[in-house]
Amino acid sequence: MVRDITIGQYFPGKSLLHRMDPRVKIVLTLIFIFVIFFCKNFFALGLMAAFLIGGICISGVPFKMLLKSLKAIMVIVVITGLLNLFYAAGGNVLLDLGFAKITDKGVYTAIFMTVRIACLIIGSSLMTYTTTPTMLTDAIERLLSPLKVFNIQVNTLAMMMTLALRFIPTLIEEIDKIMNAQKARGADLENGNLIQRAKALVPILVPLFVSSFRRAYELAFAMECRCYTGSNKRTRMKQMKLSWLDLLFVIGIAVLVTGVILFNHFFTHLI
Amino acid sequence: MPVISLKNVTHTYGEGTPLSVSAIENINLDIESGELVGIIGHTGSGKSTLIQHLNGLLKPTSGTVEVDGENIWADKKKIRSVRFKVGLCFQYPEYQLFEETVYKDIAFGPKNMGLNEKQIDESVRRAAKYVGLKPELLTKSPFDLSGGEKRRAAIAGVMAMNPKILILDEPTAGLDPKGRQEILNMIKSYKEQTGSTVLLVSHSMEDIAGIASKILVMNKSRVAMYDTVENVFSRASELEKMGLNVPQITRIFIGLKEKGINLDTDVYTVAEGGKRLLSLLKGGMA
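Residues numbered from 1 in each chain as written. Chains lettered and ligands numbered in written order. Predicted model: local features only at pLDDT ≥ 70, side-chain atom pairs only at ≥ 80, totals over all residues. Heavy atoms only, no water.

Participant: What's the story with the overall build of chain B in this structure? I'm lost.
Facilitator: The number of helices and strands found in chain B is 11 helices and 10 strands. In terms of overall dimensions, chain B is globule-like: its C-alpha atoms have a radius of gyration of 21 Å, near the 19 Å expected for 286 residues. Each of the three principal axes of chain B carries a C-alpha extent, and together these read 65 × 50 × 35 Å. Partitioning the intrachain contacts of chain B with sequence separation of at least 6 by distance along the chain shows that 62% fall at a separation of at least 24. A distance of 1 Å separates the average location of the 36 positive side-chain charges in chain B from that of its 34 negative side-chain charges. (Helix = DSSP H or I, 4+ residues; strand = E, 2+ residues; numbered from the N terminus. Rg over C-alpha atoms; globule rule 2.2 N^0.38 Å. Contact = heavy atoms within 4.5 Å. Lys, Arg positive; Asp, Glu negative; His and termini not counted. Charge placed at Lys NZ, Arg CZ, Asp CG, Glu CD.)

Below, the structure written as C-alpha cells:
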C-alpha cells in the first residue's frame, strides 16, 4: 500500500542519466512529457517510446522497478483504456455487444491512450529513479530561483520539499510501529464496515500526529542550533555544472521533437 | 507443560528477494509458567523479531509457536485472542497513547476484549495500581503526564488485559536510574501478585540480573543460552565473545578470584557484593 509509492525513490547507479545535471534532466523530462501530448499518431508516439526505452537501457534501472511505478496508477490506465475502447466515435464496428460497440478506431484510441499514459509515468519515474531527492530539490530550487524577484522564498520551499521527502521512510516506519503496538492491545484493523475501519484508524493517527509534531520541533531546534535561518545567502557544497553530457541529451531531445513534428505532419492520414 | 513453546521457528524478512534476511533461525524454546525471563542480546540479534512471534504479530516463515499447548496459527481468526493472552508492550510504549484520558487509554485493550463496563473499570483500576499511577491521574490527558508517568500508563494499558504472559521490550529505556528501579520493582511485584509469566527484554545486565529467574541469550539470530542466572553468568568469557557483558559487580568478583582471593562469583547486585566483601574482610581480620 504505502510501499507502492515510487515517487522520490532512487535507484543508485553511475549511468549517463545519473550523471546528468539534474536541472537539465528536469527540463528535458518536462519537454518529453509535453511532447507526448503532441503526438498525433502511432509513429510519433512509437518514436517517443523508443527513445524512452533507450533511456531505460542507458540508466540501468531494472524494467521491473519501472513497472512497479505503473502499478500505483493501474486503475487509471485501465479505466482510460476501457472508456476509450467503448466510447470512441466512428470507425468500423468490430464487435457489437448490444449496449456498446467496439470499433477499430476505439481499439486504436484505447491502445494509444494507454501507451501515452505509460510513457508519461515511466518517463517521470525514470527521472526520479536516477536523481537523488536532494539533487532533485536542489535543481528545482535553482530552476525556480527567478521567482525570487516576486519575493517568493524559493530556498525555504526547497528545504520543505527536501524535509518532506526525507521523512517519508521515517513515517512509514513509525506507522508500522504504532500499528503493531495497537494490534498488540487487540486493535482490529482488518475487519468491520467502513465506519468501524475509519474509527480503528484513530488509535494510529493520533500518536502519528503527536510524534510528527514532536519530530518537527526537535528538527527545528537542531537546525537552529546549526544556525539555519533560511536566508538567501546559503552557499552549496556541491555546485552544479553543465557538461558535454547535458549537451548530448539536449541534442537528443531536440532530434526527438523534430522527429515527432515531422511524423505528425507526414502521417496525418493514420489515426 | 511449558506455557510458550517454539519449535524450529525461523523468520525471514523479504523472502524470495535478494535482500532476504533471516532475523531468527531455527529457534527451539520452552518457557515454563511463572518464570521471569530476561532476554538479552545485541542489537540485531533477533530479540524483537522473537517476541513479536509470541503474540502472533509476526508469522514464522517455518516452524510452530505454541501458547498453552495450542498452535497459535491453527486458526487465523483467533489470533486476536492470542494477543489478549500474551500481552506485548513495545519499546517506548508512551508513543502509542492516543485517548483523551489516561483511563480511556488503559481501557482500550479490555474494551477490545469485549468486557463489560464493570469488568473494564476493574481492570483499569487494578492495572493503574500495579504501575503505581495515582487514581486522580486517570482523568487527565495522557499528553499532560510526565515522561515516567506516560511510560507507566502505557504499560498499564497492556497489563489491563490481564495477560497470562507479559512481554516487555526495554521497559526502562531512556529513564533515569530512579525511574528504572521503579519500573523494575513494579514488574517484579506485578509478577508476584498475579503469578503470570513475564519476559523482559533489556540491554542492561544489571537490570536483568536483579530480577530474572532465567536468562535467554540471543546471538546472531539464534538462542545462544537459556538457563538460570547463575549458569549464564558463569559463562562470562563466552558472553564477552558475543559482545555482551556480565554485570559490573560480577566482573569485579571474577577478577578478584583470578587474583587468588577465595570467593564465589555468583554475585549480581551491588548490595549483595557489598555484603560478601564485608564478611570476607571481617573474616580476614578475625
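Participant: Even after reading the chapter, I still don't get helix H2 (residues 22-36) of chain A, so can you show me in this structure?
Facilitator: Residues and elements named next belong to chain A. The terminal C-alpha atoms of H2 lie 21 Å apart, and with 15 residues this matches the ideal 21 Å at 1.5 Å per residue to within 8%. The complete set of buried residues in H2 reads Pro22, Arg23, Val24, Lys25, Ile26, Leu28, Thr29, Phe32, Val35 and Ile36. Tucked inside the fold, the buried residues of H2 contact helix H1 (16-19), helix H3 (42-59), helix H6 (104-130), helix H7 (133-144) and helix H11 (244-266). The backbone nitrogen of Arg23 lies 2.8 Å from a side-chain oxygen of the residue at the head of H2, namely Asp21. (Expected span 1.5 Å × (residues − 1). Buried < 20%, exposed > 50% of the residue type's maximum accessible area, 1.4 Å probe, protein only. Polar contact = N/O pair within 3.5 Å; in protein donor to acceptor, adjacent residues only side chain to side chain.)

Participant: In this structure, what is going on with the packing of H3(A) against H11(A)? I would like to understand it.
Facilitator: Think of two packed helices as two axes; the pair is described by the angle between the axes and how far apart they sit. All names here are of chain A. Relative orientation of the contacting elements H3 and H11 amounts to 160 degrees, with a least axis distance of 8 Å. Considered as vectors, H3 and H11 are oriented roughly antiparallel to each other. Remark: the crossing between H3 and H11 carries right-handed chirality. Across the interface between the two elements, Phe43, Ala44, Leu47, Met48 and Phe51 of H3 pack against Gly252, Ile253, Leu256, Gly259, Val260, Phe263 and Asn264 of H11. In terms of residue class, the contact of H3 with H11 is made up of nine nonpolar, three polar and no charged. (Axes fitted to C-alpha atoms, helices over the stretch in contact; angles between N-to-C directions. Parallel < 35°, antiparallel > 145°, perpendicular 65-115°, else oblique. Left-handed = near helix turned anticlockwise from the far one by under 90°. Nonpolar A, V, L, I, M, F, W, Y, C, P; charged D, E, K, R; others polar.)

Participant: Even after reading the chapter, I still don't get the side chain of Glu141(A), so can you show me in this structure?
Facilitator: Assignment of secondary structure puts Glu141(A) in helix H7. With near-sequence residues (within four places) excluded, Glu141(A) lies in contact with Val154(A), Asn155(A), Ala158(A) and Arg236(A).

Participant: How do you make sense of the interface of chain B and chain A when you look at a structure like this?
Facilitator: A common way to express how large an interface is: the accessible area buried when the components associate. Contacts between the two partners involve 20 residues from chain B and, on the opposite side, 16 residues from chain A. In total, about 1600 Å² of surface goes out of reach between chain B and chain A, with carbon and sulfur atoms giving 60% of it. Among the residues of chain B in contact with chain A, Tyr95(B), Gln96(B) and Phe98(B) are the three that bury the most area, contributing 35% of the side total. One can count two salt bridges joining chain B with chain A. Notably, a salt bridge pairs Asp188(A) with Arg80(B), separated by 3.5 Å at the nearest N-O pair. Counting across the chain B and chain A interface gives five residue pairs in polar contact (both at pLDDT 80 or more). Secondary-structure elements contributing two or more residues to the side of chain B that touches chain A are helix H2 (79-85), helix H3 (102-113) and helix H5 (147-159) of chain B. Sorting elements by how many residues they give to the side of chain B that touches chain A places H3(B) first, with four residues. Residues belonging to the side of chain B that touches chain A are distributed by class as follows: 11 nonpolar, six polar and three charged. (Buried area = accessible area lost by both parts, 1.4 Å probe. Salt bridge = Lys/Arg side-chain N within 4 Å of Asp/Glu carboxyl O.)

Participant: Any chance you could explain helix H4 (residues 117-131) of chain B here in plain terms?
Facilitator: Each α-helix winds once per 3.6 residues, and so residues spaced three or four apart point in a common direction. All names here are of chain B. Given a rise of 1.5 Å per residue, 15 residues ought to cover 21 Å, and the 21 Å separating the end C-alpha atoms of H4 matches this to within 8%. Those residues of H4 that are buried are in contact with H3, H5 and helix H6 (177-194). Downstream of H4 by a residue or two, Gly132 has a phi angle that is positive, lying close to 75 degrees.

Participant: In this structure, what is going on with the domain arrangement of chain A? I would like to understand it.
Facilitator: Residue and element names in this part refer to chain A. If you check the domain split of chain A, you get domain 1 (1-152 + 237-271) and domain 2 (154-229). Just the C-alpha atoms count here: the centres of domain 1 and domain 2 sit 32 Å apart. If you look at the interface, domain 1 gives 13 residues, while domain 2 gives nine residues. Buried area between domain 1 and domain 2, summed over both chains or domains, comes out near 970 Å², and the portion from carbon and sulfur atoms is 79%. The interface formed by domain 1 and domain 2 holds zero salt bridges in total. At the boundary of domain 1 and domain 2, one finds two residue pairs in polar contact (both at pLDDT 80 or more). Of the residues assigned to the side of domain 1 that touches domain 2, the class counts are six nonpolar, four polar and three charged. (Domains from an automatic or database assignment.)

Participant: Sorry, what's going on with the nonpolar core here?
Facilitator: Burial of nonpolar side chains together is a common tendency in soluble globular proteins. Judged by nonpolar contacts, the single largest core of 34 residues is most densely connected at Ile106(B), Leu133(B), Ile155(B), Met159(B), Leu168(B) and Ile187(B). Those residues in contact with Leu133(B) that lie beyond four places of it in its chain are Val102(B), Ile106(B), Ala128(B), Glu149(B), Arg152(B) and Ala153(B). Within the second largest apolar cluster, 33 residues are counted, among which are Met20(A), Val61(A), Leu70(A) and Ile73(A). (Core = buried A, V, L, I, M, F, W, Y, C linked by side-chain atoms within 4.5 Å.)

Participant: What am I meant to see in the environment of Ala127(B) here?
Facilitator: Residue and element names in this part refer to chain B. In this fold, Ala127 is placed in helix H4. Along the primary structure Ala127 and Ile106 are separated by 21 residues, whereas in three dimensions their C-alpha atoms are 8.0 Å apart. Residue contacts for Ala127: discarding those within four places in its chain leaves Ile106, Ala156, Met159 and Ala160.

Participant: How should the pattern of salt bridges be read in this particular structure?
Facilitator: Oppositely charged side chains may form a pair once their charged atoms are brought near each other. All names here are of chain B. Tallied over the full model, the rule gives 18 salt bridges over all chains. Its salt-bridge partner being Glu25, residue Arg222 comes within 3.0 Å of it at the nearest N-O pair. Residue Arg222 is located in strand E10 (residues 222-228), and its partner Glu25 is located in strand E2 (residues 21-31); the two are separated by 197 residues in the primary sequence. By relative accessible area, Arg222 is classed as partly exposed at 39%. Across the pair Arg276 and Asp266 runs a salt bridge, and its minimum N-O distance is 3.3 Å. Taken together, the residues span a long stretch of sequence, with Arg276 in helix H11 (residues 270-285) and Asp266 in the loop between helix H10 (248-258) and H11 at a distance of 10 residues. Overall, Arg276 belongs to the partly exposed group, its relative accessible area being 26%.

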